[in-house]
Every structure is written in C-alpha cells, then in structure tokens.
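Structure at a glance
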Amino acid sequence: MKRLLLPISFLYSIVLFLRHKLYDWKILKSKSYDIPNICVGNLNLGGTGKTPHIEYLTNLLSENYKTAILSRGYGRDTKGFILADESHTHHDIGDEPLQYFKKFKDIKVAVDENRCEGMERLLQEENPPQVVLLDDAYQHRKIKPGLSILLTDYYDLYSKNHLVPAGNLRDIKKAAQRADIIVATKSPNVITPYYRRDVENSLKPLPHQKIFYSYIEYLDFKPFSKISYETDIKETKTALILCGIANTYSLEDYLKKKYNTISKIKFNDHHSFTEKDIDMIIERYDSMIGKSKVIITTEKDAMRLINSSYVSRFDDIPVFVLPIRIKFHKEEGNSFNDEILNYVKNNLQ
C-alpha cells in the first residue's frame, strides 16, 4: 500500500521543496528577532517528544532568564493571541500549553497560530521575556529562529521514513539541513558506539550540526481521581492505559515491566473526551478481570480530562498520571546544556 502511495508523496514533496526554495530565495520573507529564540520541532507528524524537550529547556533557562513559550495551541477552540492565565482550559489554549502553564508558574505561556504576531505581542508585554521557546515551529518559516533543534525518534529516524501519505513525515528530509542541533529521542538508556555510528550514518549531519541522544525517565505516579489518593498503586497488578498521544510504544514497554496485565485505549492525538468516551473507558475498566487494577494516563491527556464535564465519573476509579522528563546520556547532557546556554548568553541584548 505504501508503494502505491509513493507517487502522491513525490508530488507533495515537489510542493514542499518549492515552498522552501521561495523562502531560501527570499521571495517569501522570514522575520528575525533580536532576542534569543529557540525552535523545537520535527519532520514527523508527531510523537518525537517535543513537549518534554520544551520542558527540559524551560527548566534549564527559566532560573536565570525570563522565559516564554510560544505555541500554536493545536486543538484549541479559539484563534489569535492568548496569554495563558488561570481561567484558561485546553479548549482555550490547547493541552500542551496548558500543561506548560500549570507546571511552570514563573514563565509566560502564549499561543498564536501566527508565530510572528505571537512573538511581537510577547515583546510588547509590560515585562517581556528574555528568551522565547518556539514550540513545534520547525515548519513555520515566516519566523526565522535563532537556534533550531530538530527531534527525531531513535527508532523511527526521519532519514528512514517517507513523506505522507506513504510515510509519516510532514516535511521533506532536506528540511533537516536547517537544524543546528539534532536530537535522537526515546533512545535506549545505554547506546553502544556501533548504534551511534548507525544513527549518524543514516542522518548524515552537516558539519555545523551536532547530534545528541535523549531518553525518557518515568517519574512517580500522581493521583488523579479522588479514590486514587487512597490507593496504593504499588499493589496493583492490572493497568488500563488511557492515552491520546501519537506514539505509545515506550509507555507500553515501561508499564509492561510493572504490571501482569496491560490493556490500552488509544485516542487520536489531542482528542477531547466526550461522555461517550468516558462511558466506554469505564466499561472497559469494569470488564478487566481482578480487583487490583488502575487506569494510567499521561500528563497531556490529564490536561484534557481534568476539564471534561464528566471527569467526576472517575471519582470511584483509581486513575493515575505518569509524568516523564527528558535526560541526556552522561556527558552529553552538559554539552547540550552548554550549547543552549552559550547561544542565549551570546545573543542576549
């Protein structure tokens, strides 16, 4: 089937190639900004770990610099510029920006489908940021980032993939040449030199590009529903995974090591939960054998669940959120941090 779709992907690649050339030839304009701004994105349709990498950069920068995150706010019901505050839900700003806002209280989180307008509005704030993180902005060439970080799944490198509809790339592979840093995400905790060479031979980085390897660290479960505060999750043997994220393989692999029985309900990325969805989830949970069982969801899914009109239906069901964070391999972490901090320091007005 993929082979049959390759001609369509080829035609799409021509359109994207011409679009990039119009920017390269400056027929279409890209706007630069004087303050440090870092783009984090990918060539895939999703699932490379943009959200936890944005959080990693926020933790790295926000202690010493006034930091802002600018996102499109995918999946929201609004348009235009919105600066997040306590009144907003995922319907207003999207699930990922809401997660940033709830997790980091000392930064600005804004959404705007027009990144240039969003940047300018942030800079007009009474207390403007010193550095801006551009979430999922790699394809948005109207804004020219000061530093570009391209993410690619270690087990699904963009170099071994195809453009949609034959594959799951949303941009041509040649677009990777604009990246300053490439991060192979969701890598094993230990990578041998052989596998590093395999990745680098596949990606073929340009002389100015540096490759780093990050992996997911799973943190302690957090209670979500009322009864979960009284539940000892370490005693449970059965788990129902509830998720609406692009790639779930790493989450499933982690939970399979902890539970005897695993079941999964997967929704589309950014899915808004309806009453029918909640009924189906509860029915699936009730049908699972055994009394010692829980529902486990992700932080991003929790942002959409918590604002659901039907979230109280979970009061008597133990629901837990599994947070994650990004780590880099040993000395690579310091080297990656230095790249980011030196860029910001050298470009701060």
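Residues numbered from 1 in each chain as written. Predicted model: local features only at pLDDT ≥ 70, side-chain atom pairs only at ≥ 80, totals over all residues. Heavy atoms only, no water.

Let's shift gears to the environment of Pro 188. Note that Pro 188 resides in the loop between strand E7 (181–185) and helix H6 (193–203). Pro 188 sits 102 residues away from Gly 290 along the chain, and the two C-alpha atoms are 33 Å apart. Other than its neighbours up to four places away in sequence, Pro 188 contacts Tyr 154, Tyr 155, Tyr 215 and His 329. (Helix = DSSP H or I, 4+ residues; strand = E, 2+ residues; numbered from the N terminus. Contact = heavy atoms within 4.5 Å.)

Most of strand E12 (residues 293–298) is tucked away, with six of its six residues classed as buried. Of the two faces of E12, the one lined by Lys 293, Ile 295 and Thr 297 and the one lined by Val 294, Ile 296 and Thr 298 are each fully buried. Across five bridges, the pairing between strand E10 (residues 238–243) and E12 is parallel. Counted as the bridge partner of Ile 241 is Ile 296 from E12. Sheet topology places E12 next to strand E13 (residues 319–322); four bridges connect them, and they run parallel. Looking at E13, one finds that Thr 298 is bridged to Leu 322. (Buried < 20%, exposed > 50% of the residue type's maximum accessible area, 1.4 Å probe, protein only. Pairing = 2+ DSSP bridges.)

Taken in spatial order, the five strands line up as E9-E13-E12-E10-E11 in an open sheet, and their pairing is mixed. Looking at which strands have only one partner, the edges of the open sheet turn out to be strand E9 (222–223) and strand E11 (261–266).

So, about the packing of aromatic side chains. Under the criterion given, the structure shown has 11 aromatic pairs. Look at Tyr 155 and Tyr 249: their rings are 6.0 Å apart centre to centre, the planes differ by 85°, and that puts the pair in the edge-to-face class. Placement of Tyr 155 in the loop between strand E6 (147–153) and E7 and of Tyr 249 in helix H7 (residues 249–256) is noted, with a sequence separation of 94 residues between them. The exposure class assigned to Tyr 155 is exposed, which follows from its relative accessible area of 52%. Tyr 249 gets classed as partly exposed once you look at its relative accessible area, which sits at 28%. The interplanar angle of 80° and the centroid separation of 6.5 Å between the aromatic rings of Phe 221 and Phe 320 together place this pair among those described as edge-to-face. With Phe 221 in the loop between strand E8 (210–218) and E9 and Phe 320 in strand E13, this residue pair connects regions lying 99 residues apart in the sequence. For Phe 320, a relative accessible area of 3% puts it in the buried group. Within the aromatic cluster, the residues linked to one another by ring pairs are Tyr 56, Phe 212, Phe 328 and Phe 336. The aromatic ring of Tyr 138 is capped on one face by Arg 178, whose charged end is 4.5 Å from the ring centroid. Here Lys 293 stacks its cationic end above the ring of Tyr 285, 4.8 Å away from the centre of that ring. (Phe/Tyr/Trp six-rings, centres within 6.5 Å; stacked < 30°, edge-to-face > 60°. Lys NZ or Arg CZ within 6 Å of the ring centre and 35° of its normal.)

Before going further, it helps to spend a moment on helix H10 (residues 331–347). Look at H10: 25 Å from first C-alpha to last across 17 residues, which is about the 24 Å you get at 1.5 Å a residue. Of all the positions in H10, only Glu 332, Gly 333, Phe 336, Asn 337, Ile 340, Tyr 343 and Val 344 are classed as buried. Buried positions in H10, seen along its axis, are confined to an arc of 135° and lie on one side of it. Exposed and facing more than 90 degrees away from the buried side of H10 are Glu 331, Asn 334, Lys 345 and Asn 346. (Expected span 1.5 Å × (residues − 1). Arc of directions from axis to C-beta.)

Another aspect to go through is the sheet that holds E6. Taken in spatial order, the nine strands make up an open sheet running E3-E4-E2-E5-E1-E6-E7-E8-E14, and their pairing is mixed. The outermost strands of the open sheet, each flanked by one partner alone, are strand E3 (82–83) and strand E14 (324–328). Where E6 lies against E7, five bridges are found, and the strand directions are parallel. Bridge pairing in E7 places Leu 151 opposite Val 183. In the packing of helix H5 (residues 115–123) onto the sheet, the strands contacted are strand E1 (37–42), strand E2 (67–71), E3, strand E4 (108–111) and strand E5 (131–135), and the crossing angle to E2 comes to about 155°. Packing of H10 onto the sheet brings it into contact with E1, E5, E6, E7, E8 and E14, and relative to E8 it is tilted by some 115°. (Axes fitted to C-alpha atoms, helices over the stretch in contact; angles between N-to-C directions.)

A word on a nonpolar patch on the surface. The grouping of Phe 10, Leu 11, Ile 14, Phe 17 and Leu 18 at the surface amounts to a nonpolar patch, some 480 Å² of accessible area in total. Note that Leu 18 resides in helix H1 (residues 2–24). (Patch = residues over 30% accessible without salt bridge, like charges linked within 9 Å, V, L, I, M, F, W, Y side chains within 5 Å. Areas by Shrake-Rupley, 256 points an atom, 1.4 Å probe, with all protein chains shown as cover. Salt bridge = Lys/Arg side-chain N within 4 Å of Asp/Glu carboxyl O.)

Between Val 164 and Pro 165 the backbone carries a cis peptide bond, its omega angle lying at 5°. One can find Pro 165 in the loop between E6 and E7.

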